[in-house]
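Listed below are the residues making up each chain.
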Amino acid sequence: METGLHERDRAGVQDFVLLENYKSEDAFIENLKKRFQENLIYTYIGQVLISVNPYKQLPIYSDGHIKAYKNKHFYEMPPHIFAVTDNAFRSLIEENRGQCVLISGESGSGKTEASKKVLQFIAACSGNQTTVEGVKDKLLKSNPVLEAFGNAKTNRNDNSSRFGKYMDIQFDYKGAPIGGNILNYLLEKSRVVAQMNGERNFHIFYQLLAGADETLLKELRLERALDTYSYLSDGAKGTVASIDDSDNFKQVQQALAVIDFSAEEQREIFGIVASILHLGNISFSEVEGNAKVNSRDLVVTAARLLGVNASELEAALTHRTIDARGDVVTSPLNQELAIYARDALAKAVYDRLFSWLVQRLNISLQAKEGGRGTRNNVMGILDIYGFEIFQKNSFEQFCINFCNEKLQQLFIELTLKSEQDEYRREGIEWIPVEYFDNKVICNLIEEKHKGIISILDEECLRPGEPTDITFLQKLTHKLSEHHHYVCHEKAPTHIQKKVMLRNEFRLVHYAGEVTYSVNGFLDKNNDLLFRDLKETLSKGGNGIVKSCFPEQELRSLKRPDTAITQFRASLNNLMDILMCKEPSYIRCIKPNDLQSPAVFNDELVLHQVKYLGLMENLRVRRAGFAYRRTYELFLERYKALSKNTWPNYKGPGGPKAGVQQLVKDLGWDDEKYRVGETKLFIRWPRTLFDTEDAFQAKKHEIAAIIQAHWKGLVQRRKYLKLRAQVIVLQSYCRRRLAQQAAKQRREAADKIRAFIKGFITRNDAPNGFNEDFIANAKRMWLLRLAKELPKKVLDKSWPHAPGHCEEASAYLHRLHRLHLARIYRLALTPQQKRQFELKVLAEKVFKGKKNNYAASVSTWFQEDRIPKEHIQKVNDFVASTFGSEQLKYQTFCTKFDRHGYKSRDRFILLSNKAVYVLDGKTYKQKHRLPLDKIDFTLTNHNDDLMVIRIPLELKKDKGDLILIIPRIIEFSTYIIDTVGTAQIVSIVDRDSLEHNVVKGKGGVIDIQTGAEPGVVRDKSGHLVVVSDVNANKSF
């Protein structure tokens, strides 16, 4: 902590006991403000931590910070909640002393977040075994559940805890959490039925409506609109930008699953929450003084969710049964009482549901088995409401402030006891400290038969018609002489007229004066729920409801304790628990009411400083000595200020003697300090500040001396290290040079020997000696080959290769041929590519099958072979007849009649669907033959004969067509390309060819060879086709 003293003018002191003007409230607030403005939200008063809510996220809670504070001395690091938690945790584990962390402060001061940080540090510092991880998860996941059901948005805080919580965490002897237990105090159940303007009901109602899926909402008969429900008084304004209710609901569901809540239990919990919303919408009318339910459907829905009979619930809401000494009387309720009964039912159901949740959490958190030493290995975390002073203070504020009075009494007692114990251990004389003992206020409230609680219970139980005013009158009668009680009758005139009403009384608490309105004191203390409603709920089919309203409660004739009596009993139990533990305190302060960062309201902070008793705590802590440290720590830090202790004290007596020598050299007089058994006690902060300032100044001189010696030492070490390295390097270099020279001579001899052997065997197979010669021959051949590569695709020449390269030469020759072919292909135009495709098709079909195929190879195919003088007429026919058909090929031809084989000039046209035959003179269509109905027959001779086979349905008694077509290969190729199959053209290997004539008769065509090709009819009546002897003649 001393590391920050030199910055005290800018960032304040880290411990208020070092504040020089410690009695000044202004100095106290100014120190807090300085630190707050530097984002230093933590400050100590001795071992009490003050935490100012920054209202923003600060990067001071990471794993790195946890590691930095783990297992460190309390004052070794700057003030932090992790330091307090680590100190408590180590005392628990190492010294086996039960611990308790008490977190207090008003709503919005960050108590809930502080408790989360305590749990975060404990979880990070404990073990990582599977069982431990499960317990840690349950401990951490209990927070979202308790916050959902016990926290609400108030005008001061968006996540205000509306109940007090004490959590015990049980550890095994190794420091791993094995279980836990939670106690809850004074849930603000009145919030269930009404909230102040701008505030919300408990979070769970909004989370259920925003986060539940449609199936669950339908089952619970809920709508998402907030203004549908009377108990959500803000209606549509209940949606808050800083709260994501939908996401929080998912976190609650996940947490419930982790804490082992079954799906059935979750369904029943949400059913109870929904039933409360439906109860709030039940309204009543009054007929002749009797209350009647306006909408029975709401009663039915609420009854179904609670698992009770709808008729019984309706009757219990509108009637009351009184058992007067055996006489049972049922009387109807008026509208006002029915509304009271409805609200009382809603509050009771929610209050008992919350208590059941805490009990159920405790079952899940219960340690499975006790290890050795676990009895005292318990750390408690108390997160409880701070002192509350509102414009209107009622029963709840009275209970809360009574709780804070008790805690303040415990705090002062334990603080004084701690101080006295330390002084006694150290052998320092204890000087009695004057302080305000608030026991007188605690007695005023809780003294038996005389205190306010006893008077309130007495008034609630007396026969007749007790009211809040009669209660106030009795208070005034019995307590009017008490110095800490102020009533309207005996108050000064200026207070009577301006501040206090006739239905109010005032208590002078340790934190200030608080005026309470007695309105509602009796009703809230009685906490009355009609027997009819209890009886109805005890029969509930909802398991949770039935356990919350047990039947034995109805059978008991004893009047239930009042709310204040129950609270006092639980509070006294809490005090007993805390007295058995070693406390650590975290006092939370909110800097402003705007929940805004960087705003520090001096007046508001001073108000909290007063009611938290911080000035009183500081005064007690400063009554003797402001600063104390162990001799080892003090000497380690300030030994540089004396020549007798620098750099290390080596005299007799150890650190204690060293510190005595140090303070003697510093010139301290006896009034400034005392020497204890293990610690040095300094009376005034100024003494420490002067010492720290001297140390800060001395550091520069010491640093220069240390730097000089260190630099000399470093350079000396570098020189010696370098010299040794140079000697080693020289020896290695000499050795290396000798080795390299020997290696070079050996390699040279080997190379000469290998060269000679390789030259001799250069033409042999590789043998290890001639490989270099062979490699050189290959290299030279590749260089020569690169210069002599063929340039044209038809050039099949290839340079000669040596014997060792013949295989590679053949492979490279093939690759180069493929390369030239690819280059040639890539250079082709689309028209050329089309010609090659047709040529390849012709080769596949006719090569080796048709003798005049070779004559067709050398010339390009053409789609139009019509003479110029006829082309116009033919084109006119195509334009007028083809329609959607596409012309593929056209040429002139000669047709031979079937009877006398007389020749006729014709034009033959090929479309994508048919073959057209036109008259050679008139250009009229003679035939249209669909391609899918006909086929074509050729001979294998060197002729241009084509017979078109026409099926019977197309012949019309005319028979097959006999045609002589110039360029028969070209025409046939186009036919096959158009149809897509070569099967349409058949090539016969015969010297004669039969064809069909009319009426099933046939004819014969003979194929002959001769010098002059032609077509004639012989004497036998056959058609003779003379093919050209020269089969390779180009067409």
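This text goes with the structure placed above it.
In this text the structure is predicted, and so the values were computed from the model without any measurement.

Caption draft 1: Region of interest: the sheet that holds strand β12 (residues 378–383). Strand order across the open sheet formed by seven strands is β1-β2-β16-β3-β12-β6-β7, with mixed pairing between neighbours. Single-partner strands in this sheet number two, and they are β1 (42–45) and β7 (177–185). Each strand axis lies, on average, 20° off the axis of its neighbour in the sheet, ignoring direction. When strand β3 (residues 99–104) meets strand β16 (residues 582–589), the two strands line up parallel, connected through six bridges. Within β16, the residue paired with S104 across the bridge is R587.

Caption draft 2: Quick peek at the packing of helix α4 (residues 81–95) against helix α5 (residues 111–125). At their nearest, the axes of α4 and α5 sit 10 Å apart, and the two run at 55° to each other. When the axes of α4 and α5 are compared, the pair comes out oblique. In the packing of α4 onto α5, the handedness of the crossing is right-handed. In this structure, α4 uses I81, F82, T85, D86 and F89 to contact α5, whose residues at the interface are A114, K117, V118, Q120, F121, I122 and C125. Along the lines of polarity and charge, the residues of the contact of α4 with α5 split into eight nonpolar, two polar and two charged.

Caption draft 3: Summary view of the state of the cysteines. Taken as a whole, this structure holds zero disulfides when the rule is applied. Of all cysteine sulfurs in the structure, the one in C399 sits closest to C460, which takes part in no disulfide; the separation is 12 Å. You can see C588 has no disulfide; the closest cysteine sulfur is in C100, sitting 14 Å from it. A residue is classified by how much of its surface remains accessible, and C588, at 0% relative accessible area, is buried.

Caption draft 4: A look at the side chain of E396. With respect to the helices, strands and loops of the structure, E396 is situated in helix α14 (residues 395–426). Assessed through its relative accessible area of 16%, E396 is described here as buried. In terms of polar contacts, E396 uses its side chain to reach the side chain of S190, at 3.5 Å. Not counting the four nearest positions on each side in its chain, E396 is found in contact with L186, S190 and K524.

Caption draft 5: Summary view of helix α11 (residues 296–306). The set of residues buried in α11 consists of V299, T301, A302, A303, L305 and L306. Downstream of α11 by one or two residues, G307 has phi in the positive range, about 75°.

Caption draft 6: Structural view of the packing of helix α16 (residues 452–461) against helix α23 (residues 563–579). Two numbers describe how α16 lies on α23: the axes approach to 9 Å, and their chain directions differ by 145°. Packed against α16, whose contacting residues are I453, S454, L456 and D457, the element α23 presents I564, T565 and R568 at the interface. Of the residues in the contact of α16 with α23, the class split is three nonpolar, two polar and two charged.

Caption draft 7: Structural context of the pattern of salt bridges. One pass over the full model with this rule turns up 38 salt bridges. Residue K116 pairs with E113 through a salt bridge whose shortest N-O separation is 3.3 Å. On the criterion of helical spacing, the pair formed by K116 and E113 is a turn pair, its members being three residues apart in helix α5. Owing to a relative accessible area of 41%, E113 belongs among the partly exposed residues under this scheme.

Conventions and cut-offs
Residues numbered from 1 in each chain as written. Predicted model: local features only at pLDDT ≥ 70, side-chain atom pairs only at ≥ 80, totals over all residues. Heavy atoms only, no water. Pairing = 2+ DSSP bridges. Helix = DSSP H or I, 4+ residues; strand = E, 2+ residues; numbered from the N terminus. Axes fitted to C-alpha atoms, helices over the stretch in contact; angles between N-to-C directions. Parallel < 35°, antiparallel > 145°, perpendicular 65-115°, else oblique. Left-handed = near helix turned anticlockwise from the far one by under 90°. Contact = heavy atoms within 4.5 Å. Nonpolar A, V, L, I, M, F, W, Y, C, P; charged D, E, K, R; others polar. Disulfide = S-S within 2.5 Å. Buried < 20%, exposed > 50% of the residue type's maximum accessible area, 1.4 Å probe, protein only. Polar contact = N/O pair within 3.5 Å; in protein donor to acceptor, adjacent residues only side chain to side chain. Salt bridge = Lys/Arg side-chain N within 4 Å of Asp/Glu carboxyl O.

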